[in-house]
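So you can see what is in the structure, the chains are spelled out below.
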Amino acid sequence: PKLNFVFKNVRDPVIDGYFSEENEERLQFIHQTLFGMYRLDLVKATPLLFDSILRNMANSMIPEILTSQQCPPPKNYPDAGIIDFRDLFLSENVSTSLGGSGESLYGDLFQRIYDVMQDTLLQTGPSGRPMINELLQGLTDRLSNIAG
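This one's a predicted model, so the numbers in the text were calculated from it and none came from an experiment.

Is there a simple way to think about the side chain of Arg55 in this case?
Looking at where Arg55 falls in the secondary structure, it is placed in helix α1 (residues 21-68). Given the relative accessible area of 17%, Arg55 is considered buried. At 3.3 Å, the side chain of Arg55 and the side chain of Asp51 are in polar contact.

Now the structure itself:
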């Protein structure tokens, strides 16, 4: 498989930078004149450029890029078969204060999910009960037509 490049149209490039207003107007005039004259030639020539020079450059650079990238070593996860839920769900400070290691051995995904649950589902709803009860009541009502 090879990368095919199709080039149908080109927008007018914009010249911008640290030019005086007079020089920018001159450059803009030159640019518009040349681009107007050679636009179709550029559109036709660009795929040829990609099919030869740029593809060859990319192909020669890819092996070097792939060999120069080093993956970080994997984290050492506890292998005792026991998950400390304090470290899994709680922040490092809270985990430590409750007797956990406080080292976030399992990453922070479950900690973030737990925080979202605390902030939304376990907050008190309009009925004075946690919002998860409101959600489950609506869900069971829709599924079984019996308020739950």
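Please explain α1 as it appears in this structure.
Along an α-helix, residues three or four apart share an orientation, since each turn contains 3.6 residues. In a regular helix each residue adds 1.5 Å, so 48 residues correspond to 70 Å; α1 covers only 45 Å between its end C-alpha atoms and thus falls short of that length. At Tyr38, α1 is deflected by roughly 60 degrees, the largest bend along its length. Turning to α1, its buried residues are His31, Phe35, Val43, Thr46, Pro47 and Arg55.

I would appreciate a short explanation of the side chain of Ser104 in the present structure.
Relative to the helices and strands, Ser104 is located in the loop between α3 (92-97) and α4 (109-121). Here the side chain of Ser104 touches Glu92 through a polar contact of 3.2 Å, side chain to side chain.

What is the right way to look at the environment of Asn133 in this model?
When you line up the elements, Asn133 lands in helix α5 (residues 131-144). A sequence separation of 11 residues divides Asn133 from Leu122, and the C-alpha atoms of the two residues are 8.8 Å apart.

Sorry if this is basic, but what is going on with the packing of aromatic side chains here?
Aromatic ring pairs: the centre-centre distance and the angle between the two ring planes describe each pair. Throughout the structure, instances matching the rule amount to 3 aromatic pairs. Judged by centre distance (5.9 Å) and plane angle (10 degrees), the ring pair of Phe85 and Phe89 falls under stacked. Here the residue Phe85 and the residue Phe89 both occupy positions in helix α2 (residues 85-89), the gap between them amounting to 4 residues, near one helical turn. Overall, Phe85 belongs to the exposed group, its relative accessible area being 51%. Residue Phe89 is classed as partly exposed on the basis of its relative accessible area, which comes to 29%. Taking the centre distance of 6.2 Å and the plane angle of 85 degrees together, the rings of Phe89 and Phe110 count as edge-to-face. Placement of Phe89 in helix α2 and of Phe110 in helix α4 is noted, with a sequence separation of 21 residues between them. Residue classification places Phe110 among the partly exposed residues on the basis of a relative accessible area of 38%. In this structure an aromatic cluster arises from ring pairing among Phe85, Phe89, Phe110 and Tyr114.

Explain the pattern of salt bridges here, please?
If the charged atoms of two oppositely charged side chains come close together, the side chains can form a pair. Tallied over the entire structure, the rule returns 4 salt bridges. Notably, a salt bridge pairs Asp51 with Arg55, separated by 3.3 Å at the nearest N-O pair. Of the two residues, Asp51 and Arg55 are both situated in helix α1; the distance of 4 residues between them amounts to about one turn of the helix. The partly exposed category is assigned to Asp51, whose relative accessible area is 36%. In this structure, Asp108 and Arg112 form a salt bridge, with 2.9 Å as the shortest nitrogen-oxygen distance. A relative accessible area of 37% means that Asp108 is categorised as partly exposed. On the accessibility criterion, Arg112 (53% relative accessible area) is exposed.

What counts, and where the lines are drawn
Residues numbered from 1 in each chain as written. Predicted model: local features only at pLDDT ≥ 70, side-chain atom pairs only at ≥ 80, totals over all residues. Heavy atoms only, no water. Helix = DSSP H or I, 4+ residues; strand = E, 2+ residues; numbered from the N terminus. Buried < 20%, exposed > 50% of the residue type's maximum accessible area, 1.4 Å probe, protein only. Polar contact = N/O pair within 3.5 Å; in protein donor to acceptor, adjacent residues only side chain to side chain. Expected span 1.5 Å × (residues − 1). Bend = angle between axes of the 7 residues up to and from the residue. Phe/Tyr/Trp six-rings, centres within 6.5 Å; stacked < 30°, edge-to-face > 60°. Salt bridge = Lys/Arg side-chain N within 4 Å of Asp/Glu carboxyl O.

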